[in-house]
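# Coordinates in review
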Amino acid sequence: MAVAAGEVGGAAAPSAAGATVSTIGAAPDDATLMLRYRKGDVRAFEMLYERHKGALYRYLQRLCRSPEVANDLFQEVWSKVIASRERYEARAKFTTFLFHIAHNCAVDHFRRAGRPQDKGAQDVDALAGELPGPSHESPDAALSEAQLRADFKRALDELPAEQRDVFLLYEETGLGLEDIGRITGVAMETAKSRLRYALGKLRGALRQHQSPTLQSSVS
Amino acid sequence: MTEPTDKRPLDEADEQQLEHYLKGDSRVSRRYRELPGVEVPPSLDRLVLGRAQEAVKHRSSRPVWVRWSAPFAVAASAVLALAIVIETGVRDETTVSSVLRTQQKMQIEAAEQSAPPTAPLDVPAPSQLTREEQRAQLKGEELRAAERREEPGPAPKGEESRAALKREEPSAVETRVPAPAAAPAPRPAAPAFAPAPPPPEARSKRYVTNEAPGSAQAASASQSDAKASADQTDVEASAGAAEAEDERIAVQRMMREEQSLSAASRGAVDTRAPVAVYSRPISANMSAPRTYLDPEEWLKDIRQLRKENKQEQADREWRRFRAAYPNHEVAETDLAREAER
C-alpha cells in the first residue's frame, strides 16, 4: 500500500501514515503532539517534524521540481503550522492539515511563477547519471535500470501539475482519495480521475522498457 | 494497450488498473519508491525547529497583563455597565424628586394661604370644621410632614422619631385625637415616616397629622375617634360626620398612595436610609398623579383632559377624584364625568 512511501531511498524519514502505524502504542499520535506543542512542548513539535518532514519535502520537491523552491515552500509550510498552532483543532488528520497547507503554498507559488508546466523535465542523461543502479547487475542491466528510472522520473515530471499533485499526495501521505480531494479542493471523483490519468502515463513510461513478454504483466 | 490521454475516455481496463494500484503493491508505486531519496537539508531542519522553539518562547514570555487583559476587559465592561445603569436610575430619581419637592412646596404655600392665619390651641372638633377646610388642612399637613422628612436632621432617625412621638403625646390628649399608642411605629425601611413635631399653626390639625403615616391602625383609630365625636353632636351633625368619615377614608387611601410614592422618590435621594433603595424607572415618577386641594380645580383639569381627547387619563383622574371626593356633587352632564359610558 502507498503508506510505505516514506521508505523511499531507504534513509528517508517515514511517511505520516507509516509513522502512525509504526508508533501505535509507543508514541502519541500527531494530533496529541500538535496539541502538546500548542501548550508549549517543543519536543512534541520535534517529533511531529521528524515524522512528516521527509514526505513533505519529497512532495514539494517533486511537485515543484526545484530544490530551491522546495526549500522555500518547506519553510513556509512549517512556519504556517507553527503560526496556526493556537487555532489547531484535532478535527481532521494532521497529515491532511499539513498537506493542505503545502498544497496551497505550492499553488500560490505556481501562480506567482507562471505555468508550472513551463519548466521542462531534467535531461534524461543527467538524471540517469544520478540514479544508482544495483551493483550486482551487469553494466548493460544497470544502464537499463538507470534508464528506466530516468524515464519514470521524466514521466512523473511531465505529468500535468494537477495529476502529479494527486499522485504525489497519494504516494507520500497514504491518504484516501476523499482526503486528497479535500486537500486539493476538488471532488473525490475528480481526484480519482486525475490519479487514473497519472497512473496511465506512468505505466506507459515503464512499458517502453519492458520486453514484449512482460507487457501483459505490467498492466 | 494505448497510453491514456486527458481527452480519452477511461475504459474498464483503466478502472481495473486503478483498483489494482489502490490496493497497493503496483509496479508504478514500486518504481516511485525506487526514485533517489530526497533529504531535507540539515540547515532547513535547524531553521524550522529554531522557529518552533522561538514561537513557544515568545508565547511564554508574554507579560502577565496580556494574558489577563481579556478577563479584565470583560470585568471592567460589566462594572461599567452596572455603574451606568445605577447612575442613570439615581439621576432620574433625583430629577423627579426635585420636581416633586418643588411641587409640594408650592402646594404647602397654597395650603398655608388658605388655612386660617392663627389657629387657636383648643381647636374645634374635626366635625366642626367644614369639609373644605378639613381637606385643605389634611393636605397641607401631609405635605409639610413630607417636607420635614426630607430635611436632614442632626439627630439619628430613630431618636428623632422617638422624640417626635414623645412630643406628639400631650397634643393628642389636648385635642382629643387618637391615643399615641395608635400612632404608627416607625417602619425600619423608612424611619423618617415617624410623625414629626408640627409647626405651631398646624397644631389644630393634630388629628390629621396622626393619621398621616397611613397605617391601618391609625386609620381605624382615627375612624373610631371620629365616630365618638360624631355621637356627641346632634343628628344633623352625625349625618355630616358619617359623610365626613367616608370622605376621610377615601382621602386616607389617596394619602397612602401619595406617601408610598414620595417615600420611593425620597428613598432614592436620602442616602441615610438604612435600607438599599433601588431606582425606579423615570416613567413611574413622571406619571405620579397630581394632588389637588380644590375639587373644582380637579374637575376643571379633568374637563380639560377630556377636551384634549385624553380620555384614558381623564377617566383615571375621574376615578381618583371619586375616590377622594365620593360625595362631591358633580352634575350628570358634567364633562368631567367618566363615560360610563
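Note that this is a predicted model, so its numbers are computed, not measured. (Residues numbered from 1 in each chain as written. Chains lettered and ligands numbered in written order. Predicted model: local features only at pLDDT ≥ 70, side-chain atom pairs only at ≥ 80, totals over all residues. Heavy atoms only, no water.)

### Structural notes on the overall build of chain A
Within chain A one finds 11 helices and 0 strands. Its helices and strands taken in sequence order, chain A reads α-α-α-α-α-α-α-α-α-α-α from the N to the C terminus. Looking at chain A as a whole, 54% of its 219 residues are labelled buried. Once local pairs closer than 6 in sequence are excluded, the contacts in chain A between residues at least 24 apart make up 63%. Carbon and sulfur atoms make up 52% of the accessible area of chain A, which amounts to about 9,500 Å² in all. (Helix = DSSP H or I, 4+ residues; strand = E, 2+ residues; numbered from the N terminus. Buried < 20%, exposed > 50% of the residue type's maximum accessible area, 1.4 Å probe, protein only. Contact = heavy atoms within 4.5 Å. Areas by Shrake-Rupley, 256 points an atom, 1.4 Å probe, with all protein chains shown as cover.)

### A short note on the overall build of chain B
Along chain B, the regular secondary structure elements total 12 helices and 0 strands. Each helix and strand of chain B, ordered N terminal to C terminal, gives the series α-α-α-α-α-α-α-α-α-α-α-α. Counted over contacts in chain B with a minimum sequence separation of 6, partners at least 24 positions apart contribute 73%. Carbon and sulfur atoms form 58% of the exposed surface of chain B, whose accessible area is close to 19,400 Å².

### Observations regarding the interface of chain A and chain B
One frequently used descriptor of interface size is the decrease in accessible area upon assembly of the parts. Contacts between chain A and chain B engage 59 residues on the former and 42 residues on the latter. In this assembly, chain A packs against chain B so that about 4,700 Å² is buried in total across both faces, 63% of it on carbon and sulfur atoms. Three residues, Q75, R196 and Y197 of chain A, lead the burial of chain A against chain B; their summed loss comes to 14% of the area buried on that side. In this assembly, chain A and chain B are joined by 1 salt bridge. D45 of chain B is the salt-bridge partner of K53 of chain A, the closest N and O atoms lying 2.9 Å from each other. (Buried area = accessible area lost by both parts, 1.4 Å probe. Salt bridge = Lys/Arg side-chain N within 4 Å of Asp/Glu carboxyl O.)

### Points about the packing of aromatic side chains
Counted by the stated rule, this structure contains 19 aromatic pairs over all chains. An aromatic cluster is defined as three or more aromatic residues linked by ring pairs; in this entry it consists of Y37, F45, Y49, Y57, F74 and W78 of chain A. (Phe/Tyr/Trp six-rings, centres within 6.5 Å; stacked < 30°, edge-to-face > 60°.)

### Overview of helix α9 (residues 177–184) of chain A
Taking burial as the measure, the 8 residues of α9 of chain A include 6 buried ones, the bulk of the element. Looking only at α9 of chain A, the buried set comprises L177, D179, I180, G181, I183 and T184 of chain A. Buried residues along α9 of chain A sit against α5 (94–113), α8 (161–173) and α10 (188–207) of chain A together with α1 (12–23) of chain B. Just downstream of α9 of chain A lies G185 of chain A, where phi reads positive at about 75 degrees.

### Points about helix α2 (residues 30–38) of chain A
Residue and element names in this part refer to chain A. Taken residue by residue, α2 has D30, A31, L33, M34 and Y37 as its buried positions. Around the axis of α2, the buried residues are gathered within 160 degrees of arc, so they sit on the same side. Just beyond α2, the residue with positive phi is G40, at close to 110 degrees. (Arc of directions from axis to C-beta.)

### So, the state of the cysteines
All names here are of chain A. Summed over the entire model, instances satisfying the criterion amount to 0 disulfides over all chains. Sulfur of C64: no disulfide; nearest cysteine sulfur belongs to C105 and is 9.7 Å away. In this structure C64 comes out as buried when scored by relative accessible area, which is 7%. (Disulfide = S-S within 2.5 Å.)

### Here we look at the pattern of salt bridges
Per the counting criterion, the structure on display carries 20 salt bridges over all chains. One salt-bridge network, in which partners are shared between bridges, spans K93, E178, D179 and R182 of chain A.

### Focus: the confidence of the model for chain A
All names here are of chain A. Taken over all residues, the pLDDT of chain A has a mean of 77, while the share at 70 or more is 72%. With pLDDT under 50 throughout, residues 117–131 is counted as low confidence; its partners more than four residues away or in other chains account for 25 contacts. Here residues 212–219 scores under 50 on pLDDT; set against residues more than four positions off or in separate chains, the count is 8 contacts. (pLDDT = per-residue confidence, 0-100.)

### Considering the environment of Y21 of chain B
Relative to the helices and strands, Y21 of chain B is located in helix α1. Judged by its relative accessible area of 0%, Y21 of chain B falls in the buried class. Excluding residues that lie within four positions of it along the chain, Y21 of chain B makes contacts with F167, Y170, E171, L195 and L199 of chain A together with S26 and S29 of chain B. At 2.3 Å, the side chain of Y21 of chain B forms a polar contact with the side chain of E171 of chain A. (Polar contact = N/O pair within 3.5 Å; in protein donor to acceptor, adjacent residues only side chain to side chain.)

### Some details on the packing of helix α4 (residues 67–83) of chain A against α5 of chain A
When two helices pack together, their arrangement is given by the angle between their axes and by how far apart the axes lie. Residues and elements named next belong to chain A. Close contact between α4 and α5 brings their axes to 9 Å; oriented N to C, the two are set at 135 degrees. As summarised for this structure, α4 and α5 are arranged oblique, according to the angle between their axes. In this structure, α4 meets α5 at a crossing whose hand is right-handed. Two secondary-structure elements touch here, α4 through V69, L73, E76, V77, W78, K80 and V81 and α5 through F94, F97, L98, I101, A102, C105, A106, H109 and R112. The class makeup of the residues in the contact of α4 with α5 is 12 nonpolar, 1 polar and 3 charged. (Axes fitted to C-alpha atoms, helices over the stretch in contact; angles between N-to-C directions. Parallel < 35°, antiparallel > 145°, perpendicular 65-115°, else oblique. Left-handed = near helix turned anticlockwise from the far one by under 90°. Nonpolar A, V, L, I, M, F, W, Y, C, P; charged D, E, K, R; others polar.)

### So, the UniProt feature "transmembrane region" (unreviewed entry) in chain B
As recorded in UniProt, the sites labelled "transmembrane region" (unreviewed entry) are residues 65–86 of chain B. The distance from the first to the last C-alpha atom of residues 65–86 of chain B is 29 Å, and the span holds 100% helix and 0% strand. (UniProt positions renumbered as here; feature names shortened; annotations may be inferred.)

### Regarding a nonpolar patch on the surface
Where nonpolar side chains cluster on the molecular surface, the patch consists of L82, I86 and V90 of chain B and spans about 260 Å² of accessible area. By the element assignment, I86 of chain B lies in helix α4 (residues 64–114). (Patch = residues over 30% accessible without salt bridge, like charges linked within 9 Å, V, L, I, M, F, W, Y side chains within 5 Å.)

### Let's talk about the packing of α10 of chain A against α1 of chain B
At their nearest, the axes of α10 of chain A and α1 of chain B sit 10 Å apart, and the two run at 95 degrees to each other. When the interaxial angle is binned, α10 of chain A and α1 of chain B end up roughly perpendicular. Contact with α10 of chain A, carried on its side by K192, L195, R196, L199 and R203 of chain A, involves D14, E15, Q17, L18, E19, Y21 and L22 of chain B of α1 of chain B and no other residues of that element. In the contact of α10 of chain A with α1 of chain B, the residues fall into 5 nonpolar, 1 polar and 6 charged.

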